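Notes for the structure review
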Amino acid sequence: KDGKTMYFNNPMWPGEAHSLEVKKILFKERSKFQEVLVFESATYGKVLVLDGILQLTERDEFAYQEMIAHLPLCSIKSPKNVLVVGGGDGGVLRDVARHSSVELIDICEIDQMVIDVSKKFFPDLAVGFEDPRVCLHVEDALEFIRHVPKGKYDAIIVDSSDPVGPAQDLVEKPFFEMISNALRPGGVLCNMAESMWLHTHLINDMISACREVFKGSVHYAWANVPTYPSGVIGFILCSTEGPPVDFRNPVNPIEKLEGALEHQSEPRFYNSQIFTYLIFLFKQIHKAAFALPSFVRKQVSSL
Ligand code: AAT
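In short, a report on the structure. (Residues numbered from 1 in each chain as written. Predicted model: local features only at pLDDT ≥ 70, side-chain atom pairs only at ≥ 80, totals over all residues. Heavy atoms only, no water.)

**So, the pairing of strand β10 (residues 183-192)**
The side chains of a regular strand alternate between both faces of the sheet. Among the ten residues that make up β10, eight are buried, leaving the element largely enclosed by the rest of the structure. Taken together, the five bridges between strand β9 (residues 153-159) and β10 define a ladder with parallel strand orientation. Of the residues in β10, the one forming a bridge with I156 is L189. Note that the unit made of β9, helix α6 (residues 173-182) and β10 has a crossover that is right-handed. The sheet contact formed by β10 and strand β12 (residues 232-239) spans five bridges and is antiparallel. Paired with V188 across the two strands is S239, which belongs to β12. (Buried < 20%, exposed > 50% of the residue type's maximum accessible area, 1.4 Å probe, protein only. Helix = DSSP H or I, 4+ residues; strand = E, 2+ residues; numbered from the N terminus. Pairing = 2+ DSSP bridges. Right-handed = clockwise from strand over helix to strand, strands pointing away.)

Written as structure tokens, this is what we have:
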């Protein structure tokens with residue numbers, strides 16, 4: 001930091017840093033779990049940073065939140081019970097709330113300060129908390145998931161921070177086992193899964209653990225998010241044994257959904273294939289997300 005520029009460097013991406021011009025620091029405090037920082041940037045709006053790692057910017061947050069929510073929820077018919085792990089900013093809740101079939105949205109976020117800060121500085125994300133279907137649990141997801149009745153959820157979305165700090169255990173096999181137990185047969189998990197340019201080793205380990213645990217299908221998808229390290233972020237999508245889930249062919253097109261939050265605008269990144277009358281309209285960011293560069297196919301075993 002030189003007062004004008006915020007540099008993001010971390011052992012998770014050695015030898016490089018990305019940076020944003022700072023207009024003004026708006027908030028900086030240490031919670032029980034991490035350092036929480038919000039600043040106004042010159043070109044990306046307000047930015048949320050936890051322990052020196054950029055979590056979101058106002059300008060590009062929708063790409064990540066929409067993909068992590070709609071890739072799983074558009075892959076199954078009429079999802080009803082959904083759990084969001086992490087996601088204390090509320091952005092993923094906002095997008096889950098677009099699905100009118102959903103009846104319950106549990107969220108388990110470890111850090112009350114993230115929620116409070118989002119309500120103060122990121123109202124377009126924190127609006128997700130206003131949906132009446134949302135039920136907030138402030139605790140460690142590792143503890144929360146242990147006590148969930150078997151088969152409770154149709155979908156679980158893990159919007160957690162990188163596996164340094166409080167999210168360390170959320171990429172390990174015991175956590176995936178508890179997630180699988182909390183899902184109904186044919187239920188789905190979508191887990192934030194880092195960058196294919198920087199973290200193939202971690203992605204490989206997560207996929208191996210998921211393949212052992214989830215007896216339905218396991219896939220990797222990705223999207224562009226300019227302010228995440230290397231400009232991309234990935235997602236692991238898994239389904240439990242039961243009615244098969246074909247993640248690459250969405251069965252629940254978002255275009256049909258009536259968003260529950262009144263002031264909600266249309267999705268700005270996500271779309272899926274739609275058919276109107278006899279005219280085929282192909283809008284398929286959903287399908288495209290599963291197309292992997294050859295080096296990823298090779299490096300990430302068994303994809
Ligand atoms: N919505 C985009 C931002 C995030 S936030 C990740 C959230 O996970 C944080 O609010 C953090 O407090 C919460 N979290 C971390 N560990 C736990 C835990 N053990 N239990 C519950 N919540 C937790 C994700 C950005 C991804 C960035 C990728 N580089």
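**A short note on the pattern of salt bridges**
If you walk through the whole model with that rule in mind, you get eleven salt bridges. Here K46 and E58 are joined by a salt bridge, their closest N and O atoms 3.5 Å apart. Placement of the pair is K46 in strand β4 (residues 46-50) and E58 in the loop between β5 (53-57) and α1 (61-73), with a sequence separation of twelve residues. Judged by relative accessible area, which is 18%, K46 ranks as buried. Of the charged contacts, one joins D131 and R133 as a salt bridge, the two residues approaching to 2.8 Å between their closest N and O atoms. Classification of R133 as buried rests on a relative accessible area of 14%. Overlapping salt bridges bring together E61, R94, D95, R98 and R268 as one network. (Salt bridge = Lys/Arg side-chain N within 4 Å of Asp/Glu carboxyl O.)

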